[in-house]
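# Structural overview for review
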Amino acid sequence: MIGLKGCLNVIDNSGALLVECVNVLKQKVNNGWGSVGDEIVCVVKQARPISEAAQASATAVKVRRGDVRRAVIVRTKKPVRRPDGRFIRFDDNAVVLLNNKREMLGTRIGGVVSADLRMKGWSKIVSLAPKVV
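As annotated in an unreviewed UniProt entry, the protein chain carries the name Large ribosomal subunit protein uL14m and is attributed to Pisolithus tinctorius Marx 270. Quoted straight from UniProt, the Sequence similarities (unreviewed entry) entry for the protein chain says "Belongs to the universal ribosomal protein uL14 family."

Here is the structure:
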């Protein structure tokens, strides 16, 4: 359950490390709380430092501190109930950053993601993840 001012880790290689949720983009159910597979609007609170050589190259870091971006939630601390009765809970809250066309900003994912993403239409994220739980 991710809401306003919630801090989340970024698990892709876009350059951001920590983001803060400012809005949950979904239907008006669940009173503004986001779960796995929901889109949010977030502000980059912490990003990787950019070296002089990296700024000149074409593969420069895509985000900076203070950028407002969209993201999709891939892990939550709040337990999520599966249809077979199991509850799945992760150690932290995590997101993957998106552009305005709902495409991934990074090219890699470094960490476990929830299998519920596949049911919500985020199969690209599931296919790039090293492990799906």
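Side-chain pairing between opposite charges can occur once the charged atoms of the two side chains come close. Applying the stated rule across the entire model yields eight salt bridges. Residues lysine 120 and aspartate 38 are paired through a salt bridge, measuring 4.0 Å at the closest nitrogen-oxygen approach. Of this pair, lysine 120 sits in the loop between helix H2 (116–119) and helix H3 (123–128) while aspartate 38 is found in the loop between strand E2 (16–25) and strand E3 (39–47), placing the two residues 82 residues apart along the sequence. Overall, the relative accessible area of 44% leaves lysine 120 in the partly exposed class. Aspartate 84 is paired through a salt bridge with arginine 86; the nearest N and O atoms lie 2.9 Å apart. With relative accessibility at 52%, the residue aspartate 84 sits in the exposed group. One connected set of salt bridges, linked through shared partners, spans Glu39, Arg70 and Arg102.

This part takes up the pairing of strand E7 (residues 94–98). Most of E7 sits inside the fold, with five of its five residues counted as buried. Taking every second residue as pointing to the same face, both faces of E7 are buried, with Ala94, Val96 and Leu98 on one and Val95 and Leu97 on the other. Pairing geometry for strand E1 (residues 7–10) and E7, over two bridges, is parallel. Opposite asparagine 9, over in E7, you have alanine 94 as the bridge partner. Bridge count for strand E4 (residues 68–75) against E7 is five bridges, and the pairing is antiparallel.

Bringing unusual backbone geometry into the picture now. Even without being glycine, lysine 5 reaches a positive phi, approximately 70°. Despite not being glycine, arginine 102 has its phi angle at roughly 65°, a positive value. Examined against the element boundaries, arginine 102 turns out to sit in the loop between E7 and strand E8 (112–113). On the basis of relative accessible area, arginine 102 is assigned to the partly exposed category, the value being 48%.

Turning next to the nonpolar core. One recurring pattern in soluble globular proteins is that nonpolar side chains are buried together. Leu8, Val19, Ile40, Val95 and Leu97 are the most contacted members of the largest nonpolar core, which totals 16 residues. Those elements that provide at least two residues to this core are E1, E2, E3, E4 and E7. For this core, the element with the most residues is E2, which contributes four residues. Counting 15 residues, the second largest nonpolar core, distinct from the first, contains Ala94, Trp122, Ile125 and Val126.

Scoring rules and cut-offs
Residue positions are counted from 1 within each chain, in the order its sequence is given. Where totals are concerned, whole chains, interfaces and linings use all residues; where local detail is concerned, this predicted model gives features only for residues with pLDDT of at least 70, and gives and counts side-chain atom pairs only at 80 or more. Side-chain figures throughout are based on the complete set of non-hydrogen atoms in the structure, without hydrogens or water. UniProt positions are given in the numbering used here, feature names are shortened, and annotations may be inferred rather than shown by experiment. Counted as salt bridges are all cases of a side-chain nitrogen of Lys or Arg within 4 Å of a carboxyl oxygen of Asp or Glu. Helical segments are the DSSP runs of H or I of at least four residues, strand segments are the runs of E of at least two, and each set is numbered from the N terminus. Burial classes follow relative accessibility: with a 1.4 Å probe on protein chains only, a residue under 20% of its type's maximum area counts as buried, one over 50% as exposed, and anything between as partly exposed. Whether two strands pair depends on DSSP finding at least two bridges between them. Put simply, buried Ala, Val, Leu, Ile, Met, Phe, Trp, Tyr and Cys residues joined by side-chain atoms within 4.5 Å make one nonpolar core.

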